[in-house]
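So the chains spell out like this:
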Amino acid sequence: MTYEFLSLDVQSGIGTITIERPKMLNALSSDVLLELGSLLREVEKSNTIDVLMITGSGEKAFVAGADISEMKDKNAISGKKFSQEGNNVFAQLANLTQPTIACINGFALGGGCELALACDIRLASTNAKFGQPEVGLGIVPGFGGTQRLPRLVGAGIAKELIFTGKVIGTDEAHRIGLVNHVYNQDELLEEGMKLAKSIQKNAYLAVTSSKAVIDSGLDMSLENGLKYEAEVFGALFATNDQKEGMDAFVNKRKPNFTKD
Ligand code: CO8
C-alpha cells in the first residue's frame, strides 16, 4: 500500500512513522486512521523493525486531534463507529509486539494525546502541549483517553484534565508522568533514537515479553499477573538469547543476541 498521510523510515532496525499532514496540524481523519492501521500491520509483520517511534511532521504539532471538520456532522451511529475505528487502530498500536516511543514534537491534543498514550514511552520537545479538550466540543475523549490517561497518571489528575479540557505544557506533563523526558525540539528524534538503541541492544524476546507481561498484568489481579510473569520467565529459559546473555555475563563479554 502507498501512503498519502504517513511515512515509515527504517534505520538499523528502528522504524519511525511520521504523520504527514502538517497544514492540518496532522489531524487524524478516517483516511489517516485507515493508513495507520495498515502501516502498523506491516510493522507487526516486519522482522527488521525492533523498536518503533512515532512523530508528527513539522515543528508545530505531533497531532492536534481527530479531524474536527470531518467529525462535526457525525450522528450517534457514525460517531460511535469513528470512535471504534480509532480505538481499534490505537489498540493495534498499544498491542504491537515491538516497543513503541512517541516523540511528541508539538501539540498533542485530543486524539493526538491519545495516540501518544497508546505508545509505551513518551518523549516530548519543550514546545509540546498536551490536553483532552473534547468536553469543550461536546464529546468525550473517544480514542482511549478516558481509559489510558487514568491508568497512566491516576484517576484524579486524568479527571481534572478531561473535565477542564485544559492544555498543559511539558513541565506539568513531566511532573504527572505523562512524558518520561523532555528535550529541545532539534534533539528530540536523536534522543528517541538513542533510547530505541538502548532498548534494541537487549534480547528482543525478553524485551517484547516484558512488554506483554506488563500490559496484560495491568488488567489482571496481582496474583494472576505474578503467575503470568513466572510462566514467561520460565519460557525464556528455552531461548538461545537467555543462554547467550548469561554466558556472556559469566565470561565477562558482550552478548551477541540473535532474537531466538
Ligand atoms: N481538526 C481539523 N483541523 C484542525 C485541527 C483538528 N483537530 N487542528 C487544527 N486544524 C487545522 C485548523 O483548522 C487550521 O486549518 P486552516 O489553516 O485551514 O484554517 C490549521 O489546522 C492550523 O491550525 P490553527 O490555525 O488553528 O493553528 P493555531 O496555531 O492558531 O492553533 C491549535 C493551534 C491550538 C492546536 C488549534 O488548531 C486547535 O485548537 N486545534 C484543535 C484542537 C482540538 O480541539 N483537538 C481535539 C479534537 S477532538 C478529538 O481529538 C477527539 C478524539 C476522539 C474522537 C472520537 C470520535 C467520535
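Residues numbered from 1 in each chain as written. Predicted model: local features only at pLDDT ≥ 70, side-chain atom pairs only at ≥ 80, totals over all residues. Heavy atoms only, no water.

Scanning the protein from terminus to terminus reveals 11 helices and 9 strands. The C-alpha atoms of the protein give a radius of gyration of 19 Å, which matches the 18 Å a tight globule of 260 residues would have. Its C-alpha atoms put the protein at 65 × 40 × 35 Å along the principal axes. For the protein, the residues scored as buried account for 44% of the 260 residues in total. Here the analysis covers contacts within the protein between residues at least 6 apart in sequence; of these, 69% occur between residues at least 24 apart. Accessible surface for the protein amounts to roughly 13300 Å². Of this, 56% is attributable to carbon and sulfur atoms. Across the protein, the centroid of the 26 positively charged side chains sits 2 Å from that of the 32 negatively charged ones. (Helix = DSSP H or I, 4+ residues; strand = E, 2+ residues; numbered from the N terminus. Rg over C-alpha atoms; globule rule 2.2 N^0.38 Å. Buried < 20%, exposed > 50% of the residue type's maximum accessible area, 1.4 Å probe, protein only. Contact = heavy atoms within 4.5 Å. Areas by Shrake-Rupley, 256 points an atom, 1.4 Å probe, with all protein chains shown as cover. Lys, Arg positive; Asp, Glu negative; His and termini not counted. Charge placed at Lys NZ, Arg CZ, Asp CG, Glu CD.)

Right, let's get into the sheet that holds strand 5 (residues 100-104). With mixed pairing, the 6 strands of this open sheet are ordered in space as 1-2-3-5-7-9. Two strands close off the open sheet at either side, each with one partner strand: strand 1 (6-11) and strand 9 (181-183). Taken pair by pair, the neighbouring strands of this sheet meet at an average axis angle of 20°, ignoring direction. As judged from the 6 bridges shared by strand 2 (residues 14-19) and strand 3 (residues 51-56), these two strands associate in the parallel manner. Looking across to strand 3, one finds that Thr-18 is bridged to Thr-55. (Pairing = 2+ DSSP bridges. Axes fitted to C-alpha atoms, helices over the stretch in contact; angles between N-to-C directions.)

Attention now goes to the side chain of Ser-38. Checked against the element boundaries, Ser-38 lands in helix 1 (residues 30-45). You can call Ser-38 buried: its relative accessible area is 12%. Only 2.9 Å separates the side chain of Ser-38 from the side chain of Tyr-3, close enough to count as a polar contact. (Polar contact = N/O pair within 3.5 Å; in protein donor to acceptor, adjacent residues only side chain to side chain.)

Keep in mind these values describe shape, not function.
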